[in-house]
Amino acid sequence: QVQLVESGGGLVQPGGSLRLSCKASGSILAINTMGWYRQAPGKQRELVATITILGSTNYADSVKGRFTISRDSAKKTVLLQMNSLKPEDTAVYYCGANIQAYGLDYSNYWGQGTQVTVSA
């Protein structure tokens, strides 16, 4: 059983900062790419940022220069530092990871999501 648990969401004013954290747990043999995605009301889920096992990162154009993704492979954790937040960043943020559980092939797993609201 593999689980991803996010934390760190909340309400913040425009221009503020938040840090999201996601920890993977369970019968994990290996973790490949980890990432953050978001879904705003009435919109499709979109990629925010990803980070490979070697530390290569990829960002959506809308968050470049404001968000930073990082990971601690030993702790099976991925972080998203969000600065200069805008109202349009409001969404449910999901952690996703490509994980190989013991006895299984690599599969994509998702967290339950954490709400981020940017409002004055």
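Everything that follows concerns the structure shown earlier in this document.
The following refers to the structure shown. (Residues numbered from 1 in each chain as written. Predicted model: local features only at pLDDT ≥ 70, side-chain atom pairs only at ≥ 80, totals over all residues. Heavy atoms only, no water.)

### Quick word on the state of the cysteines
Next up, step 1: For the coordinates displayed, the defined rule picks out one disulfide.
Next up, step 2: For Cys-22, the disulfide goes to Cys-95, at an S-S distance of 2.1 Å. Classification of the bridge connecting Cys-22 and Cys-95 rests on its S-S torsion, roughly -75 degrees, and on that basis the disulfide is left-handed. A residue pair is termed long-range when its members are at least 10 positions apart, and Cys-22 in strand β3 (residues 18-26) and Cys-95 in strand β9 (residues 91-101) qualify at 73 residues. Cys-95 carries the same exposure label as Cys-22, and that label is buried. (Disulfide = S-S within 2.5 Å. Helix = DSSP H or I, 4+ residues; strand = E, 2+ residues; numbered from the N terminus. Buried < 20%, exposed > 50% of the residue type's maximum accessible area, 1.4 Å probe, protein only.)

### Quick notes on the packing of aromatic side chains
Next up, step 1: Here the structure, examined in full by the defined rule, presents one aromatic pair.
Next up, step 2: For the ring pair Tyr-37 and Trp-110, a centre distance of 4.9 Å and an interplane angle of 70 degrees mean the geometry is edge-to-face. Of this pair, Tyr-37 sits in strand β4 (residues 28-39) while Trp-110 sits in strand β10 (residues 106-110), and the two are 73 residues apart along the sequence.
Next up, step 3: Judged by its relative accessible area of 41%, Trp-110 is partly exposed.
Next up, step 4: Directly above the aromatic system of Tyr-94 lies the positively charged group of Arg-45, at a separation of 3.8 Å from the ring centroid.
Next up, step 5: If you follow Arg-45 out to its NZ or CZ, it ends over the ring of Trp-110, 4.7 Å from the centre. (Phe/Tyr/Trp six-rings, centres within 6.5 Å; stacked < 30°, edge-to-face > 60°. Lys NZ or Arg CZ within 6 Å of the ring centre and 35° of its normal.)

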